[in-house]
Amino acid sequence: MHPVSPLRLFVLFAALGLLVYFGLSTQSPEIRRANAIRSGGLEVTGVENLLADATGRLTPVQKAELDALNEVLSAAAVDSLKASALKELSGFWFRLGHQALAGSYARNVAELEKSADSWRIAGMTFLYGLEGDAAVQHKLFCRQMAANSFEQALSLDPEEPAYAFYRAMAWVKFPDENAPMRGIQLLLELEKEQPEYLPVQLQLVELGMQTGQMEKAEARLQKILSQDPQQAQANCLMAKLLEQTGRTGEMEKYIKHCKR
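Analysis parameters
- Residues numbered from 1 in each chain as written.
- Predicted model: local features only at pLDDT ≥ 70, side-chain atom pairs only at ≥ 80, totals over all residues.
- Heavy atoms only, no water.
- Core = buried A, V, L, I, M, F, W, Y, C linked by side-chain atoms within 4.5 Å.
- Buried < 20%, exposed > 50% of the residue type's maximum accessible area, 1.4 Å probe, protein only.
- Helix = DSSP H or I, 4+ residues; strand = E, 2+ residues; numbered from the N terminus.
- Disulfide = S-S within 2.5 Å.
- Salt bridge = Lys/Arg side-chain N within 4 Å of Asp/Glu carboxyl O.
- Expected span 1.5 Å × (residues − 1).
- Phe/Tyr/Trp six-rings, centres within 6.5 Å; stacked < 30°, edge-to-face > 60°.
- Lys NZ or Arg CZ within 6 Å of the ring centre and 35° of its normal.
- Contact = heavy atoms within 4.5 Å.
- Polar contact = N/O pair within 3.5 Å; in protein donor to acceptor, adjacent residues only side chain to side chain.

A. Structural view of the nonpolar core. Judged by nonpolar contacts, the single largest core of 46 residues is most densely connected at W93, F141, F165, L187 and V200. Of the residues forming this core, the biggest block, 9 residues, is contributed by helix α9 (residues 161-173).

Structure, rendered in structure tokens:
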């Protein structure tokens, strides 16, 4: 699979926008996959195995708590009570560090509530599963479900750039070996659509520094700081960049605005 260039993505989204404008039903493959998951048309493998494995590792006290939460869910007669019980189950697994399961329950909440924010919460929960040294299979699952959750949020609120940003971050945090640049391409596409959106600018700076593109990273930081000289994260990144490039004498004015 060859990476899709930012230009091709731009043309594709522009074409899709025209089709939607003229009344045709058009969805990206990602949104179709997300809708298939939501409607039950796509079976996500591994959830049952993850649940069985994690349940088998619980202490007796934890198992008792889980049983009680499941009883509440089973007794829930209306969607609002089901959503509340599912949120408790999501929190239970999140506290234990099982983000894949926590996200799965959060996704069930989103299916009931049908709101962009509920899908955002599900996506963010899955994103946490891409941190640390979790098993590759867990990360593959979390990446797929995070991306699908943010696609669902975008389908409900396409004007919110945060959903597109976090969708890209699913691929940045755990790149696809067949398309390692996919996350960066999505960030660059978002930058074209939302050039003043600060999170994408800061993330592109960090990625530039990680790949040794110090000049481009510095240019982005200078632009950000020209608009907001006290922006904390930009100042921290500039101080780090100067340190890495051996220009420690220039760091002081940035360090004083770097509030971690």
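Structure's up, so let's keep going.
B. Up close: the state of the cysteines. For the coordinates displayed, the defined rule picks out 1 disulfide. In this model C236 forms its disulfide with C258; the gap between the sulfur atoms is 1.9 Å. Its S-S torsion of about 100 degrees marks the bond between C236 and C258 as right-handed, since a negative value means left-handed. A residue pair is termed long-range when its members are at least 10 positions apart, and C236 in helix α13 (residues 232-244) and C258 in the segment after α14 (252-255) qualify at 22 residues.

C. Examining the pattern of salt bridges more closely. Summed over all chains, the structure comprises 11 salt bridges. Between D117 and R120 there is a salt bridge whose closest N-O contact spans 2.7 Å. Residue D117 and its partner R120 are located together in helix α7 (residues 116-128), separated by 3 residues, close to a single helical turn. Here R220 and E191 are joined by a salt bridge, their closest N and O atoms 2.4 Å apart. Taken together, the residues R220 in helix α12 (residues 214-227) and E191 in helix α10 (residues 182-193) connect sequence positions 29 residues apart. Judged by relative accessible area, which is 17%, E191 ranks as buried. Here the salt bridges share partners, and the residues they tie into one network are E218, R247 and E250.

D. Representation of α7 in the model. The terminal C-alpha atoms of α7 lie 19 Å apart, and with 13 residues this matches the ideal 18 Å at 1.5 Å per residue to within 8%. Among the residues making up α7, those that are buried are A116, S118, W119, A122, G123, T125, F126 and L127.

E. Spatial organisation of the packing of aromatic side chains. For the coordinates displayed, the defined rule picks out 6 aromatic pairs. Ring geometry for F92 versus W93: centroids 5.0 Å apart, planes at 80 degrees, classification edge-to-face. A relative accessible area of 2% means that F92 is categorised as buried. Both rings, one in F165 and one in Y166, keep their centres 5.1 Å apart while their planes meet at 70 degrees; by these two values the pair is edge-to-face. Classification of Y166 by relative accessible area gives partly exposed; the value is 27%. One aromatic cluster in this structure is built from F150, F165, Y166 and Y197. Its guanidinium or amino end placed over the ring of W171, R182 lies 4.1 Å from that ring's centre, counting from NZ or CZ.

F. A look at the environment of A100. Summarising the element assignment, A100 is placed in helix α6 (residues 99-113). You can call A100 buried: its relative accessible area is 8%. Separated by 42 residues in sequence, A100 and C142 have C-alpha atoms that sit 5.9 Å apart. Ignoring sequence-local partners within four residues, the contact set of A100 consists of L50, F126, F141 and C142.

G. Structural context of the environment of T245. Within the element layout of this structure, T245 appears in the loop between α13 and α14. Classification of T245 as partly exposed rests on a relative accessible area of 33%. A C-alpha to C-alpha distance of 8.1 Å links T245 and M214, two positions 31 residues apart in sequence. At 2.9 Å, the side chain of T245 forms a polar contact with the backbone oxygen of L241.

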